[in-house]
Amino acid sequence: MHDKQDESLMALIEEFLTARATRKPSPHTLAAYRRDLHTVAALVAEATPLPLDALLITDLSPRVMRAAFARFAAPRAPASVHRAWSTWNSFFTFLVADGLVAGNPMPAVGRPRALLPQPKPLRGADTPEVLLASAARDDGRQRDPWPERDVAVLAVALCAGLRLSELLALRVGSLGGRPGERRVEVAGKGGRPRVVPIEADLDRVLMDYLASRARRFGSRSVRPDSPLLVDRRGEPLRRGGLQYLVESCYRRAGIGDRVPRGARLHALRHTFATRLAEDGASAAEIMRLLGHASLASSQTYIEVTAGQQRDAVRANRTNRALAGLVPTDPG
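Residues numbered from 1 in each chain as written. Predicted model: local features only at pLDDT ≥ 70, side-chain atom pairs only at ≥ 80, totals over all residues. Heavy atoms only, no water.

A. Region of interest: the environment of leucine 229. Within the fold, leucine 229 resides in the loop between α8 (200–217) and α9 (239–253). Beyond its immediate sequence surroundings of up to four residues, leucine 229 is in contact with Val153, Leu167, Tyr209, Arg213, Glu235, Pro236 and Leu237. (Helix = DSSP H or I, 4+ residues; strand = E, 2+ residues; numbered from the N terminus. Contact = heavy atoms within 4.5 Å.)

Okay, structure coming up:
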């Protein structure tokens, strides 16, 4: 066995977190790892005469871990317990690989069955259309209305199904392709890129937004390396700013009661996927367009051509709601 076997548990936890950080998880994910490891470790310490800083990895037997997880699970939801179990399982797998422990005790610790998260789309058959129409109106109550930008943000989320982080990562140059074959190149979760087809109506919405941005801030503001989404000062939209923008669009449209709790901006992505399914897209097409990491193994068996993906997006009736929001070029 490795000579670190007598090293403190907390030191090994920090070593594990450092190793995980090289995989570039989000700050929220890394914070969740740390919280789960420290919370369960503190429960182990409470059941022993040792202070937390004096715990050794050899103190964590299967019996000790079962007792700690039983106390951890009592006040928490199954999803939280499952996540903590997975974190500790990864921690012990890391220790086994480094020769710090002889085996992983976590298989001896019970865990709740992982439940698939339920989709949380906007409620109401016409809600996306109501939202887009409201955003397209020049609301006199706003200090500096910019309907072209607001519609573009909502339309990309509703008609391309992008996550919040993916929206923020978009550049002007992420939009590519010839007319009729337009697409957006997405930097997906975990660094996995994907390409989502852009239909003509969404393309017009985005070009209208970029034209309005050039009028506001000059042509240099729409260079290919510039962020696609900006605030009213021309600065890149941040996480909080994007969330506030979408919330304000909900309020102006008067649809706050149709937005599921806990899925404010993400409800737009769920609406994209739900409407694809309702309008005839296959599960394989939806999987590819959403870019779910957990579906990577399925994607190796189910190959979907670019034409099929475009047909799937074309079937999404939210695209049709964009028609008429931007005047067509008479030329």
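B. Representation of the sheet that holds strand β2 (residues 183–187) within the structure. In spatial order, the strands read β1-β2-β3; together these three strands make up an open sheet with antiparallel pairing. Of all strands in the sheet, those bounded by a partner on one side alone are β1 (175–176) and β3 (193–197). Sheet analysis places β2 next to β3, joined by five bridges and oriented antiparallel. Note that in β3 the partner of valine 184 across the bridge is valine 196. (Pairing = 2+ DSSP bridges.)

C. Representation of the packing of helix α5 (residues 127–136) against helix α6 (residues 147–160). Here α5 crosses α6 at 160°, and the two axes come no closer than 8 Å. By the criterion of interaxial angle, the relationship of α5 to α6 is roughly antiparallel. From α5, Pro128, Leu131, Leu132, Ala135 and Ala136 reach across to α6, where they touch Pro147, Asp150, Val151, Leu154, Ala155 and Leu158. Split into classes, the residues belonging to the contact of α5 with α6 amount to ten nonpolar, no polar and one charged. (Axes fitted to C-alpha atoms, helices over the stretch in contact; angles between N-to-C directions. Parallel < 35°, antiparallel > 145°, perpendicular 65-115°, else oblique. Nonpolar A, V, L, I, M, F, W, Y, C, P; charged D, E, K, R; others polar.)

D. Examining the side chain of aspartate 36 more closely. Residue position: aspartate 36 is located in helix α2 (residues 27–46). In this structure aspartate 36 touches Phe72, Arg83, Ala84, Thr87 and Trp88, once residues within four positions along its chain are discounted.

E. Up close: helix α3 (residues 62–73). The terminal C-alpha atoms of α3 lie 16 Å apart, and with twelve residues this matches the ideal 16 Å at 1.5 Å per residue to within 8%. Those residues of α3 that fall on the buried side of the exposure criterion are Met65, Ala68, Phe69 and Phe72. Each buried residue of α3 sits inside an arc of 95° when the element is viewed along its axis, so together they form one side. Looking at the packing, one finds that the buried side of α3 touches α2 and α4 (78–97). (Expected span 1.5 Å × (residues − 1). Buried < 20%, exposed > 50% of the residue type's maximum accessible area, 1.4 Å probe, protein only. Arc of directions from axis to C-beta.)

F. Quick peek at the packing of aromatic side chains. Scanning the model with the defined rule gives eight aromatic pairs in all. Taken together, a centroid distance of 5.9 Å and an interplanar angle of 40° make the contact between tryptophan 88 and phenylalanine 92 tilted. Of this pair, tryptophan 88 and phenylalanine 92 are both found in helix α4, four residues apart, which corresponds to roughly one turn of the helix. The two residues tryptophan 88 and phenylalanine 92 agree in class, both being buried. Residues tryptophan 146 and tyrosine 209 carry aromatic rings whose centres are separated by 5.7 Å and whose planes lie at 45° to one another, so their mutual orientation is tilted. Note that tryptophan 146 is positioned in the loop between α5 and α6 and tyrosine 209 in helix α8, a separation of 63 residues in sequence. Tyrosine 209 sits in the buried class, given a relative accessible area of 0%. What links up through ring pairs into an aromatic cluster is the set Phe16, Trp88, Phe91, Phe92 and Phe94. Cation over ring: arginine 111 sits above tryptophan 85, and NZ or CZ is 4.0 Å from the ring centre. (Phe/Tyr/Trp six-rings, centres within 6.5 Å; stacked < 30°, edge-to-face > 60°. Lys NZ or Arg CZ within 6 Å of the ring centre and 35° of its normal.)

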